[in-house]
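Each chain, letter by letter, is given below.
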Amino acid sequence: MISEKEIENLANLARINLSADEKKKLAHDIDGILAYVDQIKSAPIPDLKPEPGAVKNVMRDDTAQTTSAEDREALLNEAPKREGDYVAVKKIIAQD
Amino acid sequence: MPINLKNLTIQTAHEGLKNGDFTATDLAKSALAEIESKNKELNAFLEVYDNVLVQAGFADKAIAEARKAGKDFPILCGIPLAIKDNILVKGQIASSASKILENYHATYDATVIKKLQVENGAVLVGRTNMDEFAMGGSTENSAFGPTRNPYDTARVAGGSSGGSAAAIAAGMVLGALGSDTGGSIRQPASFCGVVGLKPTYGAVSRYGVMAMGSSLDQIGPFAKTIEDAQIIFDAIKGKDSLDSTTIDETTYQKEKGKSKKEKLIIGVPWHFLKEGLHADVKKVLDDTLKKLEKKGYEIREISLPNISYSLAVYYVLMPAEVSSNMARFDGVKYGLHVDGKDMIEDYFKTRAAGFGPEVRRRILLGTYVLSSGYYDAYYYRANAVRKLITDDFKKAFESVDLILTPTAPSPAFKIGEKTNDPVAMYLEDIFTVTANLTGMPAVSVPAGMSGNLPIGMQLTAPHGGENSLFEAGKDIEKEV
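An account of the accompanying structure is given in this report. The shown structure was predicted, so the numbers you read here are calculated from the model rather than taken from an experiment.

### Things to note about the environment of Gln253 of chain B
Inspection of the secondary structure assignment puts Gln253 of chain B in the loop between α7 (226-236) and β9 (265-268). Residues Gln253 of chain B and Pro462 of chain B, spaced 209 residues apart in sequence, show a C-alpha to C-alpha distance of 9.8 Å.

### With respect to the pairing of strand β13 (residues 453-460) of chain B
Residues and elements named next belong to chain B. Extensive coverage of β13 is indicated by the burial of eight of its eight residues. Judged from the four bridges that link them, strand β11 (residues 402-406) and β13 form a sheet pairing that is antiparallel. Its bridge partner being in β13, Pro406 is matched across the sheet by Met457. Sheet topology note: the strand β12 (residues 442-450)/β13 ladder contains eight bridges and is antiparallel. Looking at β13, one finds that Ser444 is bridged to Gln458. The hairpin turn running from β12 into β13, its antiparallel successor, is two residues long, and Gly451 in that turn takes a positive phi close to 65°.

### Brief notes about the packing of aromatic side chains
Residues and elements named next belong to chain B. Overall, the coordinates contain 16 aromatic pairs over all chains when judged by the stated rule. Pairing Phe133 with Phe355 gives two aromatic rings, centres 6.1 Å apart and planes at 70°, and the pair type is edge-to-face. Separated by 222 residues along the polypeptide, Phe133 in the loop between β3 (123-128) and β4 (148-149) and Phe355 in the loop between α10 (343-354) and α11 (357-370) bring together distant segments of the chain. Residue Phe355 is classed as buried on the basis of its relative accessible area of 2%. Among the aromatic residues, those joined into a cluster by ring pairs are Tyr104, Phe133, Phe329, Tyr334 and Phe355. The aromatic ring of Tyr334 is capped on one face by Lys333, whose charged end is 6.0 Å from the ring centroid. Lys418 extends its terminal NZ or CZ atom over the ring of Phe413, reaching a point 4.7 Å from the ring centre.

### Remarks on the sheet that holds β11 of chain B
Within a beta sheet, neighbouring strands are joined by backbone hydrogen bonds and run either parallel or antiparallel to one another. Residue and element names in this part refer to chain B. Ordered by their spatial adjacency, 11 strands build an open sheet running β1-β3-β2-β6-β8-β7-β12-β13-β11-β9-β10, and the pairing between neighbours is mixed. Strands at the two margins of the open sheet, each flanked by one partner only, are β1 (45-48) and β10 (298-301). Strand-to-strand, the axes of this sheet are offset by a mean angle of 30°, without reference to chain direction. Here strand β7 (residues 195-198) pairs with β12 via three bridges, running antiparallel. Paired with Lys198 across the strands is Ala442, a residue of β12. On top of the sheet, helix α15 (residues 466-478) reaches β7, β11, β12 and β13; it is set at about 10° to β12, its chief contact.

### As for the interface of chain B and chain A
With 57 residues of chain B at the contact, the number on the chain A side is 48 residues. A buried area of about 4,500 Å², summed over both sides, lies between chain B and chain A, and 68% of it is on carbon and sulfur atoms. The largest per-residue losses of area from chain B upon contact with chain A belong to Phe348, Leu364 and Arg381 of chain B, which jointly make up 16% of the total buried on that side. Of the charged contacts, one joins Glu22 of chain A and Arg360 of chain B as a salt bridge, the two residues approaching to 2.2 Å between their closest N and O atoms. Between the two partners, chain B and chain A, sit 16 residue pairs in polar contact (both at pLDDT 80 or more). Of all the elements in the fold, those that place two or more residues in the side of chain B that touches chain A are α9 (310-325), α10, α11, α12 (376-396) and α13 (422-426) of chain B.

### Digging into the packing of α7 of chain B against α15 of chain B
In a pair of packed helices, the angle between the axes and the distance between the axes together describe the arrangement. All names here are of chain B. Where α7 meets α15, the axes come as close as 9 Å, and the angle between the chain directions of the two elements is 155°. The angle between α7 and α15 places the two elements in the roughly antiparallel class. Along its contact with α7, which presents Ile226, Glu227, Gln230 and Phe233, the element α15 presents Glu466, Asn467, Phe470, Gly473, Lys474 and Glu477. In terms of residue class, the contact of α7 with α15 is built from three nonpolar, three polar and four charged.

Criteria and thresholds
- Along each chain, residue indices are assigned from 1 in the same order as the chain's sequence is written.
- To label them, take the chains in the order written and letter them from A, then take the ligands in the order written and number them from 1.
- Per-residue local features of the predicted model are confined to residues with pLDDT of at least 70, and side-chain atom pairs are confined, for both listing and counting, to 80 or more; whole-chain, interface and lining totals are unaffected and use all residues.
- To get the side-chain values, take all heavy atoms of the structure and skip hydrogens and water.
- Starting at the N terminus, helices and strands are each numbered in turn, a helix being any DSSP run of H or I of at least four residues and a strand any DSSP run of E of at least two.
- Exposed residues in this analysis have more than 50% of their type's maximum accessible area, buried residues have under 20%, and partly exposed residues fall in between, with area computed by a 1.4 Å probe over protein chains only.
- Strand pairing is assigned whenever DSSP identifies at least 2 bridges connecting the two strands.
- Each Phe, Tyr or Trp ring, with Trp reduced to its six-membered ring, pairs with another whose centre is within 6.5 Å; inter-plane angles below 30 degrees give stacked pairs, above 60 give edge-to-face pairs, and intermediate values give tilted ones.
- Whether a charge sits over a ring comes down to the Lys NZ or Arg CZ being within 6 Å of the ring centre and within 35 degrees of the ring normal.
- Lines fitted to the C-alpha atoms define the axes, with helices restricted to the stretch that makes contact. Angles between their N-to-C directions range from 0 to 180 degrees.
- Residue contacts are counted whenever heavy atoms from the two residues lie within 4.5 Å of one another.
- Here the buried area means the combined drop in accessible surface, using a 1.4 Å probe, for two parts upon being joined, counting both sides.
- The term salt bridge refers to a pairing of a side-chain nitrogen on Lys or Arg with a carboxyl oxygen on Asp or Glu at a separation within 4 Å.
- Whenever a nitrogen or oxygen atom comes within 3.5 Å of another N or O atom, the pair is scored as a polar contact, on the condition that within protein one atom can donate a hydrogen and the other can accept it, and that pairs from neighbouring residues in sequence are kept only if both atoms are in side chains.
- In these notes the angle categories are as follows: under 35 degrees is roughly parallel, over 145 is roughly antiparallel, 65 to 115 is roughly perpendicular, and the rest is oblique.
- Classification convention: Asp, Glu, Lys, Arg as charged; Ala, Val, Leu, Ile, Met, Phe, Trp, Tyr, Cys, Pro as nonpolar; all other residues, Gly among them, as polar.

Here's what the structure looks like:
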């Protein structure tokens, strides 16, 4: 059983505020889902050693691209707050 | 002249444009009129673009020029199409049916949009409704209300690409794009009686589509016929330097034509179809197999020993990837911002206000399976089982060319029927998730009815085997 305390911890890690009601409901839902997915524990996995997969890394050409003034303007305009050509954010380092 | 999109396919509309029976502007006007009269009830479109007639005008000009020069023009030129709301069209809102992106304007075109609009002259009519960030199987998780099924408006259109499927079924457009992470193209296609294709992983560039489960996501077409789906697929596929997961024609060995017979061999995993099938779905499955047999296909029973773990594997891996992909929505760079007392509280408040219940549920579940102490039991193990399932399919494809199952266990269900039970909703994906786990292509083809509700059958092919899907798919649809 997943506790509401655990839900709170997950919500904290995921940076989402939850109400008390939501915590209760989510604990119930996630319990149900985990009960279902727990069946993978009975799957016949021969050896749990990590091995390289079939996928390989693909690199893009390392070339400089210039963003047009128009595109830059469009990007900045999507930011909730801007100051001139900067995206404005709150101060991150607190002064104690 | 007044035309009815209901009576046209992409192929026949192209012929009409070529013969001068009507213009792209006529087609666009017909699409707009149909949306105007039906969308209030169906809620298939979240927005109709303001430049539809301008786009149609460009297409008419291109067609006139081609005609003058005695040249052909692209089949999609002037064809009205709908776009799922998680695909970026420059300058237009792309919200993924979420409050967190309600007012977000795309700053660039997705590769698929460039291909459809710029290279082929298709007319993009608007953005279609979906489950928020493509998380759901009924379009009920949209922040802007559910899409209703055109065959029965008390029922869901399926999901997550429900708006795209409903738009075609209602005669609003001739084709559409969706995205498919666990069945989000094929299941709504089945519910709305249209064709829906999930291509091979990497066949279509995902540059400019909002990521959900990056190892599973693929963009694909909806259309009325296999031929039309093939036309859209041919237009959007191909390697793209902006999506490093894209493949080219040489990545997978061409289908060997194992049987060397004229008709392909179709495998059916009967052991997986014994329980949980709606009686009418079972009947359509049996009928379809009989018809295919009559046409010369060989039907063979196959075994996929680990397929019963598919859905459990999917509901570990997908939320894990969701929790990572959703981290970008922080109220700083774009989208909703809710102010708190400091930066960290901005995140908590923005994400609480912006994400709906299903998105939160999956983010938390993903955070759980990835967290220290649970990673080995869930994420790591699920990846290992994913490989077992993929190997099962590869092995099966040594003796058959295609695998056939129903697309979904039942026809479209009632709105509200499954919203309180996430596991019941997730079971909708039972037959579709395997193609995402294995990366193999799969298509849903309308194959029969349950009363007034359509039922689709799903064909799966080995990696790169879209052509076999089209070949057998055409034989299924011819029989309906």
